[in-house]
4 protein chains.
Amino acid sequence: MPDEEQRPPERARRLPRAVRERQILDAAVQVFSRHGYHSASMDEISEVAGVSKPMIYTYLGSKEDLFGKSIQREATRLLEAIQAGVQPDLPPDMQLWHGLRSFYRFVAEYRESWTVLHRQALTVGGAFAAEITAMRTRAIELVAALVVSAGTRKGLAQQAEFSGAGLSAALVGAAESLADWALDHPEISDGVLASWLMNLVWLGFNDLVEGEVWKPRPGETASEG
Amino acid sequence: MPDEEQRPPERARRLPRAVRERQILDAAVQVFSRHGYHSASMDEISEVAGVSKPMIYTYLGSKEDLFGKSIQREATRLLEAIQAGVQPDLPPDMQLWHGLRSFYRFVAEYRESWTVLHRQALTVGGAFAAEITAMRTRAIELVAALVVSAGTRKGLAQQAEFSGAGLSAALVGAAESLADWALDHPEISDGVLASWLMNLVWLGFNDLVEGEVWKPRPGETASEG
Amino acid sequence: MPDEEQRPPERARRLPRAVRERQILDAAVQVFSRHGYHSASMDEISEVAGVSKPMIYTYLGSKEDLFGKSIQREATRLLEAIQAGVQPDLPPDMQLWHGLRSFYRFVAEYRESWTVLHRQALTVGGAFAAEITAMRTRAIELVAALVVSAGTRKGLAQQAEFSGAGLSAALVGAAESLADWALDHPEISDGVLASWLMNLVWLGFNDLVEGEVWKPRPGETASEG
Amino acid sequence: MPDEEQRPPERARRLPRAVRERQILDAAVQVFSRHGYHSASMDEISEVAGVSKPMIYTYLGSKEDLFGKSIQREATRLLEAIQAGVQPDLPPDMQLWHGLRSFYRFVAEYRESWTVLHRQALTVGGAFAAEITAMRTRAIELVAALVVSAGTRKGLAQQAEFSGAGLSAALVGAAESLADWALDHPEISDGVLASWLMNLVWLGFNDLVEGEVWKPRPGETASEG
DNA sequence: TATGAATGAGTATTCATTCAT
DNA sequence: CATGAATGAATACTCATTCAT
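If you're wondering where the values come from, they're calculated on a predicted model, not measured in any experiment.

Student: Quick question: what am I supposed to make of the pattern of salt bridges here?
Tutor: One side chain can pair with another of opposite charge once the charged atoms of both are near each other. Inspection of the entire model under this criterion finds 36 salt bridges over all chains. One salt bridge connects R73(B) with D26(B), and the closest N-O pair in it is separated by 2.7 Å. You can see R73(B) sitting in helix α4 (residues 63-85) and its partner D26(B) sitting in helix α1 (residues 17-39), a full 47 residues away along the chain. K53(C) is paired through a salt bridge with D43(C); the nearest N and O atoms lie 3.4 Å apart. Of this pair, K53(C) sits in helix α3 (residues 53-60) while D43(C) sits in helix α2 (residues 42-49), and the two are 10 residues apart along the sequence. Accessibility expressed as a relative area gives 46% for D43(C), which makes it partly exposed. Among the charged side chains, a salt-bridge network with shared partners connects D26(A), R73(A), E74(A) and R77(A).

Student: Help me understand the side chain of Q120(A), please; the structure alone is not making it clear to me.
Tutor: All names here are of chain A. With respect to the helices and strands, Q120 occurs in the loop between α6 (111-118) and α7 (127-153). For Q120, the side chain forms a polar contact with the main-chain oxygen of S33, separated by 3.4 Å. With residues near it in sequence (within four places) discarded, Q120 still touches F32, S33, G36, Y37, F67 and T115.

Student: Help me out: how do you make sense of the packing of aromatic side chains in this one?
Tutor: The relative placement of two aromatic rings is captured by the distance of their centres and the angle of their planes. Taken as a whole, this structure holds 30 aromatic pairs over all chains when the rule is applied. Arranged with centres 5.0 Å apart and planes meeting at 40°, the rings of F106(D) and Y110(D) form a pair that is tilted. With relative accessibility at 5%, the residue F106(D) sits in the buried group. Aromatic ring contacts, followed pair by pair, group F32(A), Y37(A), F67(A) and F128(A) into a single cluster.

Student: Any chance you could explain the environment of V124(C) here in plain terms?
Tutor: Residues and elements named next belong to chain C. By secondary structure assignment, the location of V124 is in the loop between α6 (111-118) and α7 (127-153). It is 9.2 Å that separates the C-alpha atoms of V124 and E64, two residues lying 60 residues apart in sequence. Beyond its immediate sequence surroundings of up to four residues, V124 is in contact with Y37, F67 and A129.

Conventions used here
- What you see as residue numbers is a count from 1 along each chain, following the sequence as written.
- In the order they appear in the text, chains get letters beginning with A and ligands get numbers beginning with 1.
- Local features in a predicted model are, by the rule used here, given only for residues with pLDDT of at least 70; side-chain atom pairs are given and counted only at 80 or more, and totals for whole chains, interfaces and linings are based on all residues.
- Hydrogens are left out, water is left out, and the side-chain values use all remaining heavy atoms of the structure.
- Any Lys or Arg side-chain nitrogen located within 4 Å of an Asp or Glu carboxyl oxygen qualifies as a salt bridge.
- The way it works is that DSSP assigns letters per residue, a run of H or I at least four long becomes a helix, a run of E at least two long becomes a strand, and they are numbered from the N terminus.
- Partly exposed residues are those whose accessible area sits between 20% and 50% of the maximum for their type, while under 20% is buried and over 50% is exposed, using a 1.4 Å probe and protein chains only.
- Throughout this description, a polar contact denotes any pair of N or O atoms lying within 3.5 Å of each other; where both atoms belong to protein, one of them has to be capable of donating a hydrogen while the other can accept it, and for residues adjacent in sequence the pair is counted only when both atoms sit in side chains.
- Throughout, a residue-residue contact means that at least one pair of heavy atoms, one from each residue, lies within 4.5 Å.
- Side-chain rings of Phe, Tyr and Trp, where Trp is taken by its six-membered ring, are said to pair if the distance between their centres is within 6.5 Å; with planes under 30 degrees apart they count as stacked, over 60 as edge-to-face, and otherwise as tilted.

In structure tokens form, the structure reads like this:
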């Protein structure tokens, strides 16, 4: 029962395929993020997209296909957003900070994308979990590589007490978890979130307790939130 | 098609209600952890439990109820396991370390419990997310309170750069993420996992890079894995 | 929308599984014979059976399964009916005649069974066609064996002009075709139908034209239609 | 997903209507014979024809129309082929034999046509069955008339034991059934097939058993396969 | 107490058919 | 003339849930 009063974007107008596909993917991300994979219905997606169900199947395949393509698009967006924020000629800590800022900015701006990626992608067994894990791995390598390698140069990884992969997993988990927390605290800017995390992983409780604080150095960032 | 010749545990015997409920919850946790909330079917649960479906409804209510009660039982188990591990008369860092060890031991031993709590509970909208969040909050307060409060004594929280809640969320996220990672690396003992995390959150990269390493002090732990 | 005024057999009463299965198969044969495999809808079958769709799936499986089981049951019925009619101690021609009579009696009495077997079973590709072909083959061997072997004894099959299998196929086709024709001419008794066919395949046009006629010999048949 | 690089026959070229219609009917017969009426999709037909779906609807109407026209065209072809083979100045048995040969030649050469006519046309309720029956009737009258009338001259039909229509139905059924059988035995020539059938219906088992055999008389046939 | 029997309600998917260009 | 774009309508199948026994 599509409401007559609110017409979704350009219903039933003959639009080129590419446009329709975008519309559908937008709707899919929205609906999947709201209800999760299983509870989302193709009916609702088609309604939100302003497109009939057959079009979805024609253009993007089955529900599973659609979910996969949604995931993929959003994952790409997220990684690109992060990469765009990193400035390779800065010192490692500043790079990490900038990467984190981009990440939190993305999460704030594209809540739905983040929800789909972080929460919903895990609910579907196998294939998607793998895809998400792959993306997470890329994220780990992208964001944390610099830190780990920085440490490695000084012999960090050589110590028996340490595992690069395990540490990276922990770091990414911390960043994600803080992102989730931040969704309920929109008043905290991405710069501050990034700084918090830097204090945690860069300085650690010990230094914090001693009164040391990590701060982004001025001149190295355009707009602090 | 369950063959008649292989009888599931105690099928159709008159058993006291409490026993039945435990059987059912055990089965529910198992099945939910395998397939997730939506894909799990009451049929499979009843089959695994060796109990007819009407019994499940009589004893534990709807599927949603059943899931909620599963979550609750496992959450309690987890918290109790952690609490049992903490020794209040040790210094804060050792307390944290012991708590983390208990946590990783629990995850390793009760994979299914952990899966249900960590992965599956999020897939169901609203009610359960809240319950899980509550448990997480309790976990944060339980495990991290000492650290944060330790810092607070020295004025940590007063600094604008810092948020107890946010930091705790990050810490818990790190611990969870490392737990997930550890599921695929069973050769890493819980003591080592806990130490890694201590190095991350207690010392931070900066100190690590400088060559400092956090270690549990001997005599304060019974069996290091 | 099941009509309230005409209640199908015992709707919603708790009946033993075997009874339900029979009801469902009866309905399936009816509906499949009317509309063919593809056009038949599970909804209609369930309605006719006086049973909800889930029961059908629980008891008899998918639509394809259901069709297969319908076919099988009717094929068995048909073959048994024919076998029951044959009297092995009679001369070959009388045996054939009796077999044919049984066949035509069955077709007249169980129109729907015959329709499903003869018409509808071919519409579904592969698996069922094979099954039907198998049954046809059994029929050929059952009914025509005596004739062919009778001929063989005198060297019939040795002649290059002849193929047992091909001839049998033709004979069965003739019998089936006449059965179809008879459906529209219910006034012709099964005895007469069988006699016609005997005249065709036993005597052939040549002898008929010469005035010879094949007739069942009296005393060898109970009730001539 | 038809690739752009491999163009189906003459796609999108302006062609006269008659040509298009033939292309479409050819494709339709092909697809209908492969999948049957219901499983055949207009999409596949349009693809095979190299013509867009709207053209099919414009030129030949609905799916049902299309099927009907396919049937009609093939039926006409078949009848014409048979008629072309009959030579009216020969004796009845030779006429019948020649007609049968033409029939088997056609079936061998145009498998798809035959499949559509014999198998698929029956799967669609009502309208088409009638059309096919009509054609069958014409076939009966065409091929069998001579035989029956030959017999009639000598009083055959007068005998109570006999029905021209029923016998014809049986004869046609035998011929068809043998045609089906022959599809799986392409090594048997049309001449031999026709001879087999002649032996069955002309001489009958009785004479065959006695050693009599019907043979086409030399000089009356051009090329025996 | 315990369960086999039964179903209402919902969902993904497909296909013949038709506009707008 | 010719078609890519679009959909209404139908259908097989599943699952949580509840009686009647």
